[in-house]
Amino acid sequence: MGHLRGKLLPPALAIVFSMLLCGVALVISGANPLSAFGAMLTQVGKGTTLVDIVNSTGIYYIAALAVAIGFQMNLFNIGVEGQYRVAAVVAAVVGGSIVLPTGIHTLVIIIVAALAGAAWAAIPAILKVTRGVNEVISTIMMNGLAIGLSAYLIRRDVFGELRGNNIRTPEIPESGRMFGITFGGAGTMFGFLFVAIALGVGYWIMMNRTRFGFELRASGESSTAASAGGVNAKKMVLVSMLLSGAIAGLISLPELLGRDHTFSLNFTAGIGFSGIAIALLGRNHPGGIAFGALLWAFLDKSGLALDNVGVPREIVTIMQGSIVLSVVVAYEVVRRFELASEQRRVGRELGTVGGAA
């Protein structure tokens, strides 16, 4: 029971605190917090909002899984943003340039995206294991390079083409697209959502039921102890970064295969950074990450209704930021409380602490 409380209480406290903080900000600005939060809840049942939330949840979930694999190894892979961006443009170029049977075409695009993401993550991984370069610094720099590379690859004299006023990659034909589940006027759910669920199940099995997962967690806890037990810590760093990059490469595919079918400079950005926040909120657990992704998607999509009640939509950003900050504090507070309770319990059992009751 105490273990469950230690898992559930911190994120709950963080969400409550963020709502209180946003409520105070709304009151100061002269708005009604109840009207604002009510409008967000009501928005879920309007138009395509609910389906949009589900679609965004799947995308955020993949991003957070990519980050979580690095966190398990105590690696801060900030480069997820760049990895999925490079993978998106490479997969779009390949997918729009070849013609294959239905199903095989889609599978080739998925494999290309995963390989491109892994290849981009391999650079900071190699720098870390060979030269000891901090992955935070190298991945931040790789993000900048990714933006420049993606812009270069879709130039008209490289792989891009002009459609209207927008430069983009060739459109992926029908054979390379992924099915969606249509709900009429409520929107279409991306079929890639099922791949996201499969990735979550695979992640849980890998971390809890395989030797690789055990060695990954052991190396993250203490690379020295893991090495003494026969684990090659440098190899684990390299493999975990490659795996993180491969999953990051899949982030763009729900939109690429299910809706846009092409890559342009207007392609969705910032998902990698949201994945970091969601992984922290979910404590790298697939269930916790799913909850965090759903919450993040809800705030993003339902926040559109705030303009209708005269509340600036930026309040959603404040709430998301306060959740991330407060969840870190909440976990530490709960951890210290649990530690103190355990110490008192042991003390009572040993008779060193009085007042056993």
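The model shown is predicted, which means the values in this text are computed figures rather than measured ones.

Rules used in this analysis
Residues numbered from 1 in each chain as written. Predicted model: local features only at pLDDT ≥ 70, side-chain atom pairs only at ≥ 80, totals over all residues. Heavy atoms only, no water. Phe/Tyr/Trp six-rings, centres within 6.5 Å; stacked < 30°, edge-to-face > 60°. Helix = DSSP H or I, 4+ residues; strand = E, 2+ residues; numbered from the N terminus. Buried < 20%, exposed > 50% of the residue type's maximum accessible area, 1.4 Å probe, protein only. Contact = heavy atoms within 4.5 Å. Core = buried A, V, L, I, M, F, W, Y, C linked by side-chain atoms within 4.5 Å. Salt bridge = Lys/Arg side-chain N within 4 Å of Asp/Glu carboxyl O. UniProt positions renumbered as here; feature names shortened; annotations may be inferred. Arc of directions from axis to C-beta. Polar contact = N/O pair within 3.5 Å; in protein donor to acceptor, adjacent residues only side chain to side chain. Expected span 1.5 Å × (residues − 1).

**Considerations on the packing of aromatic side chains**
In step 1: Taken as a whole, this structure holds 3 aromatic pairs when the rule is applied.
In step 2: Geometrically, the ring pair formed by Phe-179 and Phe-194 is stacked, given 6.4 Å between the ring centres and 25° between the ring planes. Of this pair, Phe-179 sits in the loop between strand E2 (166-168) and strand E3 (180-182) while Phe-194 sits in helix H7 (residues 193-209); the two residues are 15 residues apart in sequence, bridging distant segments of the chain.
In step 3: Given a relative accessible area of 44%, Phe-194 falls into the partly exposed group.

**Observations concerning the environment of Leu-216**
In step 1: With respect to the helices and strands, Leu-216 occurs in helix H8 (residues 211-221).
In step 2: On the basis of relative accessible area, Leu-216 is assigned to the buried category, the value being 0%.
In step 3: Taking the C-alpha atoms as reference points, Leu-216 and Ile-78, 138 residues apart in sequence, are found 19 Å from one another.
In step 4: Those residues in contact with Leu-216 that lie beyond four places of it in its chain are Ile-69, Gln-72, Met-73, Met-207, Met-236 and Ser-240.

**With respect to the nonpolar core**
Nonpolar side chains tend to gather and get buried jointly when the protein is soluble and globular.
In step 1: Membership of the largest hydrophobic core comes to 68 residues, with the highest contact counts inside it found for Phe-192, Leu-250, Ile-251, Leu-253 and Leu-257.
In step 2: Among the elements that make up this core, the one with the highest residue count is helix H3 (residues 49-72) (13 residues).
In step 3: In this structure, Leu-253 is in contact with Ala-91, Ile-109, Ile-110, Ala-113, Phe-192 and Gly-258, ignoring residues within four places of it in sequence.
In step 4: Within the second largest apolar cluster, 18 residues are counted, among which are Leu-26, Leu-299, Ile-323 and Tyr-331.

**Brief notes about the side chain of Thr-139**
In step 1: Tracing the backbone shows Thr-139 in helix H6 (residues 135-153).
In step 2: For Thr-139, a relative accessible area of 1% gives the class buried.
In step 3: Those residues in contact with Thr-139, other than ones at most four positions away along the chain, are Phe-76, Asn-77, Ile-78, Gly-79, Pro-124 and Met-241.

**Topic: unusual backbone geometry**
For residues besides glycine, phi is generally negative; the peptide bonds are generally trans as well.
In step 1: In this structure, His-261 takes a positive phi of about 65° despite not being glycine.
In step 2: As for its position among the elements, His-261 is in the loop between helix H11 (253-260) and helix H12 (271-282).
In step 3: Residue His-261 is classed as buried on the basis of its relative accessible area of 13%.
In step 4: Even without being a glycine, Arg-283 presents a positive backbone phi close to 55°.
In step 5: Residue position: Arg-283 is located in the loop between H12 and helix H13 (286-302).

**Quick word on the pattern of salt bridges**
In step 1: Inspection of the entire model under this criterion finds 9 salt bridges.
In step 2: Salt-bridge contacts for Glu-135 lead to Lys-128; the nearest nitrogen and oxygen are separated by 3.0 Å.
In step 3: Residue Lys-128 is classed as partly exposed on the basis of its relative accessible area of 26%.
In step 4: Across the salt bridge formed by Arg-168 and Glu-171, the nearest N and O atoms sit 3.5 Å from each other.
In step 5: A relative accessible area of 16% means that Arg-168 is categorised as buried.
In step 6: The partly exposed category is assigned to Glu-171, whose relative accessible area is 33%.
In step 7: Ionic contacts of the salt-bridge type, sharing partners, join the residues Arg-168, Glu-171, Glu-174 and Arg-177 into one network.

**Overview of the UniProt feature "transmembrane region" (unreviewed entry) in the chain**
In step 1: In this structure's numbering, the residues bearing the UniProt feature "transmembrane region" (unreviewed entry) are residues 12-31, 58-77, 84-101, 107-127, 136-154, 178-205, 237-257 and 263-282.
In step 2: Across residues 12-31 one finds 85% helix and 0% strand; the C-alpha atoms that close the span lie 25 Å apart.

**Quick look at H8**
In step 1: All of the buried residues in H8 are Gly-213, Glu-215, Leu-216, Ser-219 and Gly-220. One side of H8 holds all its buried residues, which, seen down the axis, span an arc of 165°. When the buried face of H8 is taken as reference, the exposed residues oriented beyond 90 degrees from it are Arg-211, Phe-214 and Glu-221.
In step 2: Of the surrounding secondary structure, the elements contacted by the buried residues of H8 are H3, H7, helix H9 (223-228) and helix H10 (233-248).

**Some thoughts on the side chain of Ser-219**
In step 1: The topology assignment puts Ser-219 in helix H8.
In step 2: Of the polar contacts made by the side chain of Ser-219, one reaches the backbone oxygen of Glu-215; its length is 2.8 Å.
In step 3: The contacts of Ser-219, once residues within four sequence positions are left out, are Met-73, Ala-226, Val-231 and Met-236.

**Thoughts on helix H4 (residues 80-97)**
In step 1: The end-to-end C-alpha separation of H4 is 26 Å, in line with the 26 Å expected for 18 residues at 1.5 Å each.
In step 2: The buried fraction of H4 is high, at 14 of 18 residues.

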